[in-house]
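Fold and geometry: a report
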Amino acid sequence: MSKFKEALERGKKAHRRQDESADGHTPKVDFGAQARDWLTEVVVASLEAAKADVAGEVIIDIEPIPRPEDSAVAPSVEFRIYGNGAVEKNHARAFKVSVSISGEASVSAPGMVAEDIGNIGDKSDQRFRQLLARLIEDAARDRRS
């Protein structure tokens, strides 16, 4: 029985040391907050910039980022792109930018294979902007057809 008590004590000490090191030295990261920040800084900012640039050709509607309690598992942003005109609003394509727990972000839509746009640790918006430009070109081309 003494070996069991010794093992129990060692476990308690190890747990205390782990708590002490976490409290004093290792910052705890809130994944949901980090993902929402990335979505705001990279995705929403890129969408807003594109929205201003292509206002005459296509319309980009951006859904607000859900509250933290609504998107705790996989934070996301939804947006729609459609040709400039009231009739064409019915033909809007809806897209969703999602962040998985691994930190990888992707864009998906019905009928479209999800496309990887990078990791939230990388603050570069280049991959998302390239994909967004292609989606806008497709919407503009559909409008002209």
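The structure this text deals with has already been given above.
Residues numbered from 1 in each chain as written. Predicted model: local features only at pLDDT ≥ 70, side-chain atom pairs only at ≥ 80, totals over all residues. Heavy atoms only, no water.

**Digging into the nonpolar core**
By size, the foremost hydrophobic cluster in this structure holds 31 residues, and its most contacted members are Trp38, Phe79, Ile81, Val97 and Phe128. A total of nine residues in this core trace back to one element, the largest contributor, which is helix α2 (residues 31-53). Contacts of isoleucine 81, omitting those with residues within four sequence positions, involve Val58, Ile59, Ile60, Ala92, Arg93, Phe95, Leu132, Leu135, Ile136 and Ala139. (Core = buried A, V, L, I, M, F, W, Y, C linked by side-chain atoms within 4.5 Å. Buried < 20%, exposed > 50% of the residue type's maximum accessible area, 1.4 Å probe, protein only. Helix = DSSP H or I, 4+ residues; strand = E, 2+ residues; numbered from the N terminus. Contact = heavy atoms within 4.5 Å.)

**Concerning the sheet that holds strand β5 (residues 112-119)**
Judged by pairing direction, the sheet is antiparallel, and its five strands sit side by side in the order β1-β2-β3-β4-β5 without closing on themselves. In this open sheet, the two strands that pair with only one neighbour each are β1 (58-62) and β5. For this sheet, the mean angle separating the axes of adjacent strands, direction not counted, is 20°. Here β1 runs beside strand β2 (residues 76-83); their pairing, made up of five bridges, is antiparallel. The residue of β2 that forms the bridge with isoleucine 59 is tyrosine 82. Contacts between α2 and the sheet are confined to β1, β2, β3 (93-99), β4 (104-109) and β5, with β3 contributing the most and set at about 145° to the helix. (Pairing = 2+ DSSP bridges. Axes fitted to C-alpha atoms, helices over the stretch in contact; angles between N-to-C directions.)

**Considerations on the packing of aromatic side chains**
For the structure shown, the criterion picks out two aromatic pairs. Plain terms: the ring middles of phenylalanine 79 and phenylalanine 95 are 5.2 Å apart, the flat faces sit at 25° to each other, and that makes the pair stacked. Taken together, the positions of phenylalanine 79 in strand β2 and phenylalanine 95 in strand β3 put the pair 16 residues apart, joining distant regions of the chain. Its relative accessible area of 1% is what places phenylalanine 79 among the buried residues. The class of phenylalanine 95 is buried, set by a relative accessible area of 3%. (Phe/Tyr/Trp six-rings, centres within 6.5 Å; stacked < 30°, edge-to-face > 60°.)

**A look at the environment of isoleucine 62**
Topologically, isoleucine 62 is positioned in strand β1. On the basis of relative accessible area, isoleucine 62 is assigned to the partly exposed category, the value being 22%. Sequence separation between isoleucine 62 and lysine 51 is 11 residues; the distance between their C-alpha atoms is 9.3 Å.

**Some points on the pairing of β2**
Judged by how many residues are buried, β2 sits mostly within the fold: six of eight residues are covered. Here six bridges tie β2 to β3, and the two strands are oriented antiparallel to one another. Bridge assignment links valine 77 to a residue of β3, and that residue is valine 97.

**Section: α2**
Here α2 spans 32 Å end to end across 23 residues, near enough to the 33 Å set by a 1.5 Å rise per residue. Helix geometry: α2 is bent most strongly at threonine 40, by close to 30°. (Expected span 1.5 Å × (residues − 1). Bend = angle between axes of the 7 residues up to and from the residue.)

**Some remarks on the pattern of salt bridges**
The tally for this structure, following the rule as stated, stands at five salt bridges. For the salt bridge of glutamate 115 with arginine 134, the shortest nitrogen-to-oxygen distance reads 2.5 Å. Placement of glutamate 115 in strand β5 and of arginine 134 in helix α3 (residues 126-144) is noted, with a sequence separation of 19 residues between them. The class for arginine 134 is partly exposed, based on a relative accessible area of 38%. For the salt bridge of aspartate 125 with arginine 129, the shortest nitrogen-to-oxygen distance reads 2.8 Å. Judged by its relative accessible area of 37%, arginine 129 is partly exposed. Salt bridges linked by common partners bring Asp61, Glu63 and Arg80 together as one network. (Salt bridge = Lys/Arg side-chain N within 4 Å of Asp/Glu carboxyl O.)

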